[in-house]
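Here's the letter readout for the chains.
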Amino acid sequence: MPAAFTEMEQRTARWQTNSPLLVVPSWAASLAIHSLILLILISSLNRCDSGQTGGDEGELRSVGIYVKQSADADQAEDSEQEPLESPENQQLSQSREQISEVMEQPPVAPQLPELNSRLLGSGPTQAPGNPTADLTTDQLMSPSTALAPPVMGAGNVNFFDAVDSGKRFVFVLDCSGSMAAPQGAPIRKARSELISSLAGLNHQQQFQIIFYNTTTRAMQHRGKSAELLYASDINRTLARQFIQSVEPDGGTDHLPALKRALSFNPDVIFFLTDAKHPQLSSADLNDIHEENGGRAKIHCIEFGEGYPVKEGNSLDKLARQNKGSYRYYNVRKFIKRP
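Residue numbers here run from 1 along each chain, matching the order of that chain's written sequence. Local features are withheld for residues below a pLDDT of 70 in this predicted model, meaning they are given only at 70 or higher, and side-chain atom pairs are given and counted only at 80 or more; totals for whole chains, interfaces and linings count all residues. Here the side-chain values reflect all heavy atoms present in the structure, with hydrogen atoms and water set aside.

1. Some details on the confidence of the model for the protein chain
As a reminder of what qualifies: pLDDT measures the predictor's confidence residue by residue and takes values from 0 up to 100. Note on contacts: a residue pair is in contact if any heavy atoms of the two residues lie within 4.5 Å.
On average, residues of the protein chain score 77 in pLDDT, and 62% of them reach the 70 mark or higher. Contacts of residues 115–151 to residues separated by more than four positions or lying in other chains number 45 contacts, the stretch itself having pLDDT below 50.

2. Some points on helix α8 (residues 185–199)
For an α-helix the count is 3.6 residues per turn, leaving residues at separations of three or four pointing the same way. The following threshold applies: Every helix listed is a DSSP run of H or I at least four residues long, and every strand listed is a run of E at least two residues long, numbered separately from the N terminus. In this analysis, the expected span of each helix is defined as 1.5 Å times one less than the number of residues it contains. The cut-offs for exposure are 20% and 50% of the maximum accessible area for each residue type, with area from a 1.4 Å probe on protein chains only; residues under the lower value are buried, those over the upper are exposed, and the others partly exposed.
Taking 1.5 Å of rise per residue, the 15 residues of α8 would be expected to cover 21 Å, and the 21 Å separating its terminal C-alpha atoms lies within 8% of that figure. Of all the residues in α8, the buried ones are A185, P186, I187, A190, R191, L194, S197 and L198. Here the buried face of α8 lies against β1 (156–159), β3 (168–174), β4 (206–212), α9 (233–245), β7 (268–273) and β8 (297–304).

3. Description of the packing of aromatic side chains
Condition: Each Phe, Tyr or Trp ring (for Trp, its six-membered ring) is paired with any other whose centre lies within 6.5 Å, and the angle between the two planes then decides the class: stacked below 30 degrees, edge-to-face above 60, tilted in between.
Considering all chains together, one arrives at eleven aromatic pairs under this definition. Between F159 and F171 the ring centres are 5.5 Å apart and the planes differ by 75 degrees, which places this aromatic pair in the edge-to-face class. Taken together, the positions of F159 in strand β1 and F171 in strand β3 put the pair twelve residues apart, joining distant regions of the chain. Summarising the aromatic geometry, the rings of F171 and F270 are spaced 5.3 Å apart at their centres and angled 20 degrees between planes, so their arrangement reads as stacked. With F171 in strand β3 and F270 in strand β7, this residue pair connects regions lying 99 residues apart in the sequence. Residue classification places F171 among the buried positions, given a relative accessible area of 0%. Each member of the aromatic cluster is reached from another via a ring pair, and the members are F159, F160, F169, F171, F270, F303, Y329 and F334.

4. Re the pattern of salt bridges
Filter applied, for reference: The salt bridge criterion pairs a side-chain nitrogen of Lys or Arg with a carboxyl oxygen of Asp or Glu, the two atoms within 4 Å.
Inspection of every chain in the model, using the stated rule, returns eight salt bridges. Residue K297 is joined to D164 by a salt bridge in which the shortest nitrogen-to-oxygen separation is 3.6 Å. Taken together, the residues K297 in strand β8 and D164 in strand β2 (residues 162–165) connect sequence positions 133 residues apart. A salt bridge links E305 to R332, with the shortest nitrogen-to-oxygen separation between them at 3.1 Å. Separated by 27 residues along the polypeptide, E305 in the loop between β8 and α12 (314–321) and R332 in the segment after β9 (326–330) bring together distant segments of the chain. Residue classification places E305 among the partly exposed residues on the basis of a relative accessible area of 44%. Judged by its relative accessible area of 38%, R332 is partly exposed.

Okay, here's the thing in structure tokens:
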């Protein structure tokens with residue numbers, strides 16, 4: 001046994017000494033293996049590029065993927081490339097052609113119609129004694145005539161059943177302390193009727209509002225001095241605000257308010273008061289009659305309690321002397337019943 005074991009050990013030692021694995025180092029073996037793998041990969045890629053095709057309808061991709069395009073997609077591309085001749089495009093083309101034809105035509109002198117002066121207002125060239133005469137086209141196109149103000153309309157206006165027509169109206173209302181009694185009914189009714197009368201004016205008529213006690217307060221527009229205002233929507237809105245802002249207070253002085261109303265040279269004056277005292281004196285009535293000179297009609301509306309007394313009534317005289325009318329209203333009828 002020992003001799004056999006010794007001989008085996010000697011053979012193993014000789015084999016290990018003569019083995020080729022001991023001659024090649026480990027790094028060289030690793031390099032050989034990786035080189036072999038790289039050669040295999042290169043050989044595989046060369047076979048993909050060796051000229052194989054995907055068919056008659058296909059296309060060779062660098063990654064070897066074959067894509068087949070459907071016939072519907074080809075038709076869609078063809079339809080996108082061809083512009084559609086829609087009805088809208090046809091109409092647009094026709095419109096452009098018509099515009100081009102019009103633009104190529106020579107200019108034509110405009111034929112102006114004969115206009116009526118009553119529509120545009122009277123100009124300085126119109127005869128003063130004939131307000132309805134027609135102006136020629138040349139006169140209407142002149143700067144002085146074109147800038148002339150429009151002729152104002154003369155519609156009817158109703159204020160407490162006193163109806164009159166004209167172009168310029170002045171409303172004179174008493175706002176003394178007595179207009180607050182009983183139960184604020186007089187001033188409330190006066191405001192309501194006045195707003196209703198303004199709503200009946202047309203845009204070509206003019207108006208002014210004067211509230212008075214011992215002083216007068218006329219409606220002003222944008223801080224300007226008081227003047228006649230056209231009955232436009234904005235002016236009537238401003239008038240409603242002005243009417244609602246006035247509260248009854250103080251005593252009564254009729255004459256200054258009436259004279260201020262005449263200073264606006266109106267066609268019609270509506271004069272409302274509830275004050276029997278103080279009465280307008282004969283001198284006051286003559287003063288107003290002379291200053292008016294028969295130009296304006298003065299309609300008088302009196303508020304009171306009980307039955308009217310016309311004998312010696314200065315308001316009735318004022319109306320008769322100035323071609324107006326007189327009306328009396330019992331303010332008890334204005335009180336709202338519960």
